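Here is what each chain is made of, one letter per residue.
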Amino acid sequence: MRKIETIVIHCSATPEGMDYPLGSLRADHLKRGFVDVGYHYYIKKDGTIHEGRPLEKAGAHAQGHNAHSIGICYEGGLDANRKPKDTRTDAQKKSMLILIKSTLRQFPGIVTICGHRDFEGVKKDCPCFNALEEYKHLLV
């Protein structure tokens, strides 16, 4: 198994109210030349957690940081006008917290939980909320 040190949170950049099934996400990533969906987990608006890329495989979600990270993406992240907005539903927030806690138990070497936007050079607001601040208490 890979050495996992970081959980990276993403949004799908989908306008609120719009569905973006995992199959569509996977197809879009394949069109971009990925070998599979780039994220390890995908959380739908109803809180359903879907497995994406197998954990044994490096993701394709945070260039330069994929080897030692797990990518979690939630459906949403844009308002109706395609502007960044924290559109997470209560179900998504609950599922994300459960998933992060489970991942921390599975990989005790994790030292960082951050958003994609927290990496140097990233020019987007993904995941449209401050993941560093929201989840830092889980790392103590």
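Above this text sits the structure in question.
Residues numbered from 1 in each chain as written. Predicted model: local features only at pLDDT ≥ 70, side-chain atom pairs only at ≥ 80, totals over all residues. Heavy atoms only, no water.

Asker: I'd like a rundown of the overall build of the chain, residues and numbers included.
Answerer: Along the chain, the regular secondary structure elements total three helices and seven strands. Moving toward the C terminus, one meets the helices and strands of the chain in the order β-β-α-β-β-β-β-α-β-α. Scaling as 2.2 N^0.38, a compact globule of 140 residues should have a C-alpha radius of gyration of about 14 Å, and the chain matches this with 14 Å. Once the C-alpha set of the chain is aligned to its principal axes, its extents read approximately 40 × 35 × 30 Å. By residue count, 47% of the 140 residues in the chain fall in the buried class. Counted over contacts in the chain with a minimum sequence separation of 6, partners at least 24 positions apart contribute 63%. Carbon and sulfur atoms make up 51% of the accessible area of the chain, which totals about 7,400 Å². Positive and negative charge centroids in the chain, built from 21 and 17 side chains respectively, lie 2 Å apart. (Helix = DSSP H or I, 4+ residues; strand = E, 2+ residues; numbered from the N terminus. Rg over C-alpha atoms; globule rule 2.2 N^0.38 Å. Buried < 20%, exposed > 50% of the residue type's maximum accessible area, 1.4 Å probe, protein only. Contact = heavy atoms within 4.5 Å. Areas by Shrake-Rupley, 256 points an atom, 1.4 Å probe, with all protein chains shown as cover. Lys, Arg positive; Asp, Glu negative; His and termini not counted. Charge placed at Lys NZ, Arg CZ, Asp CG, Glu CD.)

Asker: Describe helix α2 (residues 90-106), with residues and values.
Answerer: The terminal C-alpha atoms of α2, which comprises 17 residues, lie 24 Å apart, in line with the 24 Å expected from a rise of 1.5 Å per residue. In this structure, the buried residues of α2 make contact with β1 (6-11), β3 (41-43), β4 (49-51), β5 (69-74), β7 (112-115) and α3 (131-135). (Expected span 1.5 Å × (residues − 1).)

Asker: An account of the environment of G77 is needed here, citing residue identities and associated values.
Answerer: Checked against the element boundaries, G77 lands in strand β6 (residues 77-78). Counting along the chain gives 64 residues from G77 to A13, while the straight-line C-alpha distance between them is 4.9 Å. Not counting chain neighbours up to four residues away, the residues in contact with G77 comprise C11, T14, K83, P84, K85, T87 and C128.

Asker: Account for the pattern of salt bridges, with residues named and values stated.
Answerer: Scanning the entire structure with this criterion turns up nine salt bridges. Between D36 and R26 there is a salt bridge whose closest N-O contact spans 2.6 Å. Of this pair, D36 sits in the loop between α1 (22-31) and β3 while R26 sits in helix α1; the two residues are 10 residues apart in sequence, bridging distant segments of the chain. By relative accessible area, which is 25% here, R26 ends up partly exposed. For K45, the salt bridge goes to E75, with nearest N and O atoms at 3.3 Å. Here K45 is found in the loop between β3 and β4, whereas its partner E75 is found in the loop between β5 and β6, with 30 residues between them in sequence. Taking the relative accessible area as the measure of exposure, E75 reaches 1% and is therefore buried. (Salt bridge = Lys/Arg side-chain N within 4 Å of Asp/Glu carboxyl O.)

Asker: Let's hear about the sheet that holds β5: which residues, and what values?
Answerer: Here five strands make up an open sheet; going across it, the order is β4-β3-β5-β1-β7 and the pairing mixed. The sheet is open, and its two edges are formed by β4 and β7, each paired on a single side. Pairwise comparison of adjacent strand axes, ignoring direction, gives a mean angle of 20 degrees for this sheet. As judged from the six bridges shared by β1 and β5, these two strands associate in the parallel manner. (Pairing = 2+ DSSP bridges. Axes fitted to C-alpha atoms, helices over the stretch in contact; angles between N-to-C directions.)

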